[in-house]
Amino acid sequence: MPGYHAPDEIAAIARELMTTLLSACHAPAEDAQRTGFDEYPESRMREWQRDLAGATMCRVLNFWTRLHGVLSLELAGHFDNTGFDPARLYQSEVDNLRTP
């Protein structure tokens, strides 16, 4: 959000999470297929991992946003009364994202 600055504690947690995801999904830039994400040379993610390939950045962002979305929807109660177990959806997302 424009003008919003997360508290230092939250920023540290986010940095730790993203660093972990970057390490788990890392592919050296010279070995990876080029994507539209290669067009973001000044991304904060590149500060955390210098040789970050655009394909890795895309995969990390997909992982983070999809799991964040499932958890946010569950915590907000949007899956209540749907007749399915949100844990299965979450596990399905993790399984899909683990497969390159």
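Residues numbered from 1 in each chain as written. Predicted model: local features only at pLDDT ≥ 70, side-chain atom pairs only at ≥ 80, totals over all residues. Heavy atoms only, no water.

What am I meant to see in the overall build of the protein here?
The secondary structure content of the protein amounts to four helices and zero strands. Along the protein, helices (α) and strands (β) appear in the sequence α-α-α-α when read from the amino end. Sorting the 100 residues of the protein into buried and exposed places 24% on the buried side. Sequence separation of at least 24 residues holds for 51% of the intrachain contacts in the protein that already meet a minimum separation of 6. Surface accessibility of the protein: about 7300 Å² in total, with carbon and sulfur atoms responsible for 54%. (Helix = DSSP H or I, 4+ residues; strand = E, 2+ residues; numbered from the N terminus. Buried < 20%, exposed > 50% of the residue type's maximum accessible area, 1.4 Å probe, protein only. Contact = heavy atoms within 4.5 Å. Areas by Shrake-Rupley, 256 points an atom, 1.4 Å probe, with all protein chains shown as cover.)

Looking at this model, I keep getting lost on unusual backbone geometry. Mind explaining?
Only a minority of non-glycine residues have a phi that is not negative, and only a minority of peptide bonds are not trans. Here Asn 81, not a glycine, exhibits a phi torsion of approximately 65°, which is positive. Along the chain, Asn 81 turns up in the loop between helix 3 (54–75) and helix 4 (86–98). The class for Asn 81 is exposed, based on a relative accessible area of 83%.

Explanation requested: the packing of helix 3 against helix 4 in the structure shown.
Relative orientation and spacing of two packed helices are given, respectively, by the angle between their axes and the distance between those axes. Packing of helix 3 against helix 4 leaves a shortest axis separation of 10 Å and a crossing angle of 180°. On the basis of their axis angle, the class for helix 3 and helix 4 is roughly antiparallel. Between helix 3 and helix 4, the residues in contact are Arg 59, Asn 62, Phe 63, Arg 66, Leu 67, Val 70, Leu 71 and Glu 74 and Pro 86, Leu 89, Tyr 90, Glu 93, Val 94, Asn 96, Leu 97 and Arg 98, respectively. Here the residues of the contact of helix 3 with helix 4 are counted per class, giving nine nonpolar, two polar and five charged. (Axes fitted to C-alpha atoms, helices over the stretch in contact; angles between N-to-C directions. Parallel < 35°, antiparallel > 145°, perpendicular 65-115°, else oblique. Nonpolar A, V, L, I, M, F, W, Y, C, P; charged D, E, K, R; others polar.)

Explain the nonpolar core here, please?
What tends to happen in soluble globular proteins is that the nonpolar side chains get buried as a cluster. Of all hydrophobic cores here, the largest spans nine residues; its members are Met 18, Leu 21, Leu 22, Cys 25, Val 60, Phe 63, Leu 67, Val 94 and Leu 97. Mapped by element, the contributors of at least two residues to this core are helix 1 (8–25), helix 3 and helix 4. Considering every element that reaches this core, the biggest residue donor is helix 1, with four residues. Apart from residues lying up to four places away in sequence, Leu 67 is in contact with Tyr 90, Glu 93, Val 94 and Leu 97. (Core = buried A, V, L, I, M, F, W, Y, C linked by side-chain atoms within 4.5 Å.)

Help me out: how do you make sense of helix 3 in this one?
In an α-helix there are 3.6 residues to a turn, and that puts residues three or four apart on one side. For helix 3, spanning 22 residues, the distance from its first C-alpha to its last is 31 Å, which sits close to the expected 32 Å at 1.5 Å a residue. Buried within helix 3 are the following residues: Gly 54, Thr 56, Met 57, Val 60, Phe 63, Leu 67 and Val 70. (Expected span 1.5 Å × (residues − 1).)

Honestly, the confidence of the model for the protein in this entry has me stumped. Any pointers?
Any residue range with low pLDDT should be treated as having predicted coordinates unsuitable for detailed reading. Averaged over all residues, the pLDDT of the protein is 77; the fraction at 70 or higher stands at 70%. Averaged pLDDT values over the elements of the protein bottom out at 59 in helix 2 (residues 44–48) and peak at 85 in helix 4. (pLDDT = per-residue confidence, 0-100.)

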